[in-house]
Amino acid sequence: MIRNPFRDLDHKKLRRSSDVLQTQNDYYKIVNRRILIFSMIVILLFSTITIRLVFIQVRDHEDYTTKLVNYSSQQQRFQTPRGEIYDRNGKLVVKTASAHNITYFPPKDVTSNEKWELAQKFAKQFHIKHETFTKSDMQDLYLFLYRDENGNADRTGNHLLSDEELATLTKASDKDKLVRSRITEKMVDEIASEEDKNAFSVYLLMNQSPSNSIKVIVEDASNEDVAYLMEHKDEYRGFDVDFGSWKREYPYKDTLRDVLGSVTTTKQGVPSEEREYYEALGYSLTDRVGSSGLEKQYEQLLSGTPKVSEVTFEKDGTAVLNEISAGKKGYNLHLTVDIELQKKVDDIMTSIVKQYAGTSGREAFNQAFVLLMNPNTGEIYALSGAVKNKDGSMTKFASGTYLNNYQVGSVAKGATVYMILNEGVQTVTSTEYDTTMNIAGEEKSSFMNLGVVDAVRALEVSSNVYMWKSIIKLAGGTYVSGQPLNISNEATAKTLTKMRQYYSMFGLGTKTGLDVPNEALGIIGYTQTAGNLLDYSIGQYDTYSPIQLGQFVSTIANGGKKVQPKLVNTASKVNSNYTIYENKTKVLSQLSGNLDYLKTVQQGFRACITGNHCGVELNAMDKGIAAKTGTAQVREYKNNKEYRYTNVSEIGYAPYDDPEVAFVCSAPTSAADSSNQEASICSTQILPKVLKEYFKKYD
């Protein structure tokens, strides 16, 4: 009989009742009712669990099976071929060609000794060299090979430490640092042959992290090596050939190579300083990425979606790859550059710099740059640089148009004149008398006394005096011959700030926004004296890059719009004209002020050509060219001796009434700063030849 657990409670309820003894309680009925309720609750709970199990095994079976497979299986990612790069006319500039990589995936339960023996055999057969060995690799090799007199290994390097050092060095990192500092190249050479070093370079690649991933041992392997490995795969367990790899080829060789940029190798992988960035984007550390130039700038478009394969193992432990996803090739880029024009411009620049560098009167001249761009859209048609090295060899340096900067001289006067007119210091018709100035005993002048000049004439003949007298007025000073300017430091700083604001509206002293990774800003002068104001007004204080000059002259040419220059127009799918990215023309800002004054600047630029002050050859072309030349005196100190040179620049556009092309030429230290100074190499040699090639194609 089951004891009623509620009996005592029931008695308590009836304890004081006079009917206690007379009340007949049916304890069996009470107990059975409560057990029934409890049983129903238990049945309900078990029913819920049963239903859930049925759902898991029937309805969700496929989902959970997939999760189990994903959790327990290994997958490998392979980069698909990179997108190609074409010029504005569809010419292939950067090609993605197929390549074969020799890879290694460690079989199950392989030992380090087995890996080492295989690495020795592989290095010998495939002629592997250890050219990329680092100091740390050499230290690792010593610790790997070292054996004491009894033949015992010591890969921790304890034999290089004293008993006292072993006792006091508690941190493993401190101990390892001290051990490595005592391993010399001579010690390595004593225990390691060249064959050992070659083999160890393979061994290191075979043991790259992560351990359960495919390692590339040989990139772009020869057909002979591929054929041999495929024939002897059973002798090289874990090694295989990846037939889906790729390499970059350049149909135009070194033309524009520094601008196009480079891609890392698989051995280099993701740059160490950018690992967190690329890992966040889903890259693996061994993925090849753009390391410079447009390859880096447009990495996200050029790199494709990786191919994914599942790793399974055969009975002998050898890995087998089964493709899960084929991936997708990267997108193709379409440049603004005309590669055929670019090649011709490169040839011109190389020929001129090679011919004139280091000659009499041009002893310090060794490089020059030129740029052609559309002033309305910012599209760059060609950008070229040539450098003559000390050994006489020539290097193409197109990226110097945005990486290097110089004092540019009088080409900056266009911005100065616009500011002077817009600030009301001068009017379009007001004049200054250009003659030698005497400031506190120091004489300053234009290249010659030019007489009466207005704004247009000042640009045509490049009057320094017009600029200086106007800037003195802008700063609140008064010019008196023989006297100091008497412009306060506060007024100087305020005027210099105003001048930089105007110059930046044209693109001078600011980054242009060109679509490259490392555009240079230029050097901003930090001293603030009244004399600096005068230097700044004629382009001899801050420094600017050729691409900044390109944006500057484009702003003048197109009527006051500061347009962002660009090297890439669009990106498209492979084997398709479908555009997935468009680098649209971007107007960064509009020139503030009275744009009628910009017309005065344009007139001055045109007069410089028609008056034969900016190149007789350019005027003879009869293409409606407008331009401005510039020279800047620079100093260099060698062996406690001062040397003075002249930077030469020229900017312009054409046709004058409807500009289609803007041009820039920069030739730093192209002449000695002397009374018999050589003629501007930009006006007489570079631009006539470059523009002739441009007009031949785009007249």
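Novice: Tell me what's going on with the side chain of Gln685, and back it up with residues and numbers.
Specialist: As for its position among the elements, Gln685 is in helix 25 (residues 681–698). A distance of 3.1 Å separates a polar atom in the side chain of Gln685 from a polar atom in the side chain of Lys689. Residues contacting Gln685, with those up to four places away along its chain left out, are Ile352 and Tyr356.

Novice: For the sheet that holds strand 7 (residues 319–325), give the residues involved together with the corresponding values.
Specialist: One open sheet holds the three strands; their spatial order is 1-6-7, and the pairing between them is antiparallel. Every interior strand has two partners, whereas the edge strands, strand 1 (74–78) and strand 7, have only one. The average undirected angle you get between the axes of adjacent strands in this sheet is 35 degrees. Direction of pairing for strand 6 (residues 307–313) relative to strand 7: antiparallel, over a ladder of six bridges. Its bridge partner lying in strand 7, Val311 is registered against Leu321.

Novice: Break down the state of the cysteines for me, with residues and values.
Specialist: Under the criterion given, the structure shown has two disulfides. Paired through a disulfide, Cys608 and Cys614 show a sulfur-sulfur distance of 1.8 Å. On the sign convention where negative is left-handed, the bridge of Cys608 and Cys614, at about 75 degrees about the S-S bond, is right-handed. Each sulfur of the disulfide joining Cys665 and Cys682 lies 2.1 Å from the other.

Novice: Account for the layout of surface pockets, naming residues and giving values.
Specialist: Where empty space is left becomes clear once a probe the size of a water molecule has been rolled over the atoms. Quantified by volume, the largest pocket comes out at close to 1200 Å³. Forming the boundary of the largest pocket are 40 residues, of which Phe447, Asn464, Gln540, Thr631 and Gln633 lie nearest the centre. Every element with two or more residues in the lining of the largest pocket is listed here: strand 14 (442–444), helix 18 (455–461), helix 19 (464–474), helix 24 (616–620), strand 20 (626–638), strand 21 (641–654) and helix 25. A total of seven residues in the lining of the largest pocket trace back to one element, the largest contributor, which is strand 20. Tallied by class, the residues present in the lining of the largest pocket amount to nine nonpolar, 19 polar and twelve charged. In this structure, the second largest pocket occupies an estimated 580 Å³ of space. Taken together, 30 residues make up the lining of the second largest pocket; nearest its centre are Arg77, Phe78, Gln79, Thr286 and Asp287. Put simply, the parts of the chain that give the lining of the second largest pocket at least two residues each are strand 1, strand 3 (92–104), strand 4 (215–218) and strand 5 (239–249). Sorting elements by how many residues they give to the lining of the second largest pocket places strand 1 first, with five residues. By residue class, the composition of the lining of the second largest pocket is eight nonpolar, 16 polar and six charged.

Novice: Would you mind going over the packing of aromatic side chains in detail, with residue names and values included?
Specialist: Aromatic ring pairs are defined here through the distance separating the ring centres and the angle between the ring planes. A full pass over the atoms with the stated rule returns 29 aromatic pairs. A ring pair is formed by Trp116 and Phe200, whose centres lie 6.3 Å apart and whose planes are at 65 degrees; its orientation type is edge-to-face. Of this pair, Trp116 sits in helix 4 (residues 112–125) while Phe200 sits in helix 9 (residues 194–206); the two residues are 84 residues apart in sequence, bridging distant segments of the chain. The same class applies to Trp116 and to Phe200, which are both buried.

Novice: Tell me what's going on with helix 23 (residues 596–610), and back it up with residues and numbers.
Specialist: Structurally, the α-helix is built with 3.6 residues per turn, so residues lying three or four positions apart point the same way. Counted at 1.5 Å a residue, the expected span for helix 23 with its 15 residues is 21 Å, and the 21 Å between its end C-alpha atoms agrees. Listing the buried residues of helix 23 in full gives Leu598, Thr600, Val601, Gln602, Gly604, Phe605, Ala607, Cys608 and Ile609. Looking at the residues trailing helix 23, positive phi occurs at Asn612, about 60 degrees.

Novice: Residues and numbers for the nonpolar core, please.
Specialist: In terms of nonpolar packing, the biggest core is built from 85 residues, with Leu256, Leu294, Leu383, Leu567 and Phe605 touching the most fellow members. In contact with Leu294, not counting residues within four places along its chain, are Val259, Leu260, Gly261, Leu302, Leu335, Asp515, Val516, Leu567 and Val568. Within the second largest apolar cluster, 37 residues are counted, among which are Ala119, Phe133, Leu141 and Val218.

Calculation notes
- Each chain carries its own residue numbering, running from 1 in the written order of its sequence.
- This being a predicted model, a pLDDT of at least 70 is required before a residue's local features are given, and a value of 80 or more before pairs of side-chain atoms are given or counted; all residues contribute to the totals for chains, interfaces and linings.
- Excluded from the side-chain calculation are hydrogens and water; included are all heavy atoms of the structure.
- Secondary structure follows DSSP: runs of H or I at least 4 residues long count as helices, runs of E at least 2 residues long count as strands, and numbering of each begins at the N terminus.
- Between N or O atoms, a polar contact is any pair within 3.5 Å; within protein, one atom must be a potential hydrogen donor and the other a potential acceptor, and residues adjacent in sequence are included only when both atoms are from side chains.
- Whether two residues touch is decided by their heavy atoms; if any such pair falls within 4.5 Å, the residues are in contact.
- The pairing criterion for strands is at least two bridges between them, as found by DSSP.
- All axes here are fitted lines through C-alpha atoms, helices being fitted over the stretch that makes contact, and every angle between N-to-C directions spans 0 to 180 degrees.
- Note on terminology: pairs of cysteine sulfur atoms within 2.5 Å are recorded as disulfides.
- Here a cavity denotes a set of grid points, spaced 1 Å apart and computed over the protein atoms alone, in which a 1.4 Å probe fits but from which it cannot get out, and a pocket denotes an open set meeting protein on both sides within 12 Å along at least five of seven lines; residues with an atom within 4 Å of a point are reported as lining.
- Grid points are joined across faces, edges and corners, and a volume is the space filled by probe spheres set on the points.
- Amino acids are sorted into nonpolar (Ala, Val, Leu, Ile, Met, Phe, Trp, Tyr, Cys and Pro), charged (Asp, Glu, Lys and Arg) and polar (every other residue, Gly among them).
- Between 30 and 60 degrees the pair is tilted, below 30 it is stacked and above 60 it is edge-to-face, where a pair is any two Phe, Tyr or Trp rings, Trp via its six-membered ring, whose centres lie within 6.5 Å.
- Between buried and exposed lies partly exposed: a residue is buried under 20% and exposed over 50% of the maximum accessible area for its type, with that area taken using a 1.4 Å probe on protein chains only.
- An expected span of 1.5 Å times one less than the residue number is assigned to each helix.
- The criterion is simple. A nonpolar core is a set of buried Ala, Val, Leu, Ile, Met, Phe, Trp, Tyr and Cys residues joined through side-chain atoms within 4.5 Å.

Interpretation note: all reported values are geometric properties and have no functional meaning in isolation.
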